[in-house]
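Fold and geometry: a report
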Amino acid sequence: MDKVKLTARVRKGAGKSYTRKARAAGWIPAAYYGFGVEPIKLEVNAHEFNLIVSRKQQNKLVELTGEGLPKEAIAIIREKQRDVVVDSVFYHIDFQKVDGKRPVKARSFLKLVGNSEAIKTGAILNQAMYEVDVEGISDKIPETVELDISNLNAGDSAVAGDVKLPDGVRLRTSSARVVARLLGKTK
């Protein structure tokens, strides 16, 4: 997985009043935790984080840089709490420490590849999933996984178990879950 840098700093306060003021000043409250590290309450730069999300880089490793952080603060985004109306407003972010020796749970984007003859003759492709849950060592987890749909006919479905993953990475999404299906011709 590739890395992106994100400016962070240790939170100096707590509570609703403090976090409201931090968000108004351009910082998002966050937490950094993981195996062998004491949990740290952080604030991350809101503008930089919004760029990561808008560029669809949230599946990459995040290198947290700033004062008061451990030397190698490499993490994955475990959870984001965002406003339901305004997508660019985040309330809290959880970062989980990544260790090169321990497997982590992550998400990989799903890309459909190949051309099905049924699509050329009028069938409609319906993609039901755009990400799959995977687990493995952080260096081996791909940002994007591919699923070949060239063998699908009208009425066929592709399931998560058909996704090809590199060695050392396993699928956490149910292998029977439908990823894409080809619907028959429209009238």
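Cut-offs applied
- Residues numbered from 1 in each chain as written.
- Predicted model: local features only at pLDDT ≥ 70, side-chain atom pairs only at ≥ 80, totals over all residues.
- Heavy atoms only, no water.
- Helix = DSSP H or I, 4+ residues; strand = E, 2+ residues; numbered from the N terminus.
- Buried < 20%, exposed > 50% of the residue type's maximum accessible area, 1.4 Å probe, protein only.
- Contact = heavy atoms within 4.5 Å.
- Pairing = 2+ DSSP bridges.
- Core = buried A, V, L, I, M, F, W, Y, C linked by side-chain atoms within 4.5 Å.
- Axes fitted to C-alpha atoms, helices over the stretch in contact; angles between N-to-C directions.
- Arc of directions from axis to C-beta.

Concerning the overall build of the chain
Of regular secondary structure, the chain possesses three helices and 13 strands. For the C-alpha atoms alone, the extent of the chain along its principal axes is close to 60 × 40 × 20 Å. Taken over 187 residues, the chain has a buried fraction of 39%. Long-range pairs, those at least 24 residues apart, make up 67% of the contacts in the chain between residues at least 6 apart in sequence.

Topic: the pairing of strand S2 (residues 27–34)
Among the eight residues in S2, six count as buried, and that is most of the element. Inspection of the sheet shows S2 paired to strand S3 (residues 37–45) by seven bridges, in the antiparallel sense. Residue pairing in the sheet places Pro29 in a bridge with Glu43 of S3. Between S2 and S3, which pair antiparallel one after the other, the connecting turn spans two residues, and Gly36 there sits at a positive phi close to 80°.

A few points about the environment of Ile77
Residue position: Ile77 is located in strand S5 (residues 74–82). Look past the residues within four positions of Ile77 in its chain and what remains in contact with it is Phe49, Gln58, Val62, Ile93, Asp94 and Phe95.

Quick notes on the nonpolar core
If you look at soluble globular proteins, the nonpolar side chains tend to sit buried side by side. Of all hydrophobic cores here, the largest spans 25 residues; its most connected members are Leu110, Leu112, Ile141, Leu147 and Val179. When residues of this core are traced back to their parent elements, those giving at least two are S5, strand S7 (103–113), strand S9 (131–137), strand S10 (144–148) and strand S13 (178–183). Per-element tally for this core: the top contributor is S7, with four residues. Once residues lying within four places of it in the same chain are set aside, the contact partners of Leu147 are Leu110, Lys111, Leu112, Val113, Ala158, Asp162, Val163 and Val179.

Thoughts on the sheet that holds S10
In spatial order, the strands read S10-S7-S9-S12; together these four strands make up an open sheet with mixed pairing. Strands at the two margins of the open sheet, each flanked by one partner only, are S10 and strand S12 (169–171). Neighbour to neighbour, the strand axes of the sheet diverge by 40° on average, direction disregarded. Across seven bridges, the pairing between S7 and S9 is antiparallel.

Digging into helix H2 (residues 46–54)
Listed as buried for H2 are Ala46, Phe49, Ile52 and Val53. Along the axis of H2, the buried residues cluster in a sector spanning 120°; they form a single face. Every exposed residue of H2 that faces more than 90 degrees away from the buried side is listed here: His47 and Ser54. Of the surrounding secondary structure, the elements contacted by the buried residues of H2 are strand S1 (3–10), S2, S3, S5 and strand S6 (90–97). Remark: Lys56 follows H2 within two positions and exhibits a positive phi of approximately 55°.

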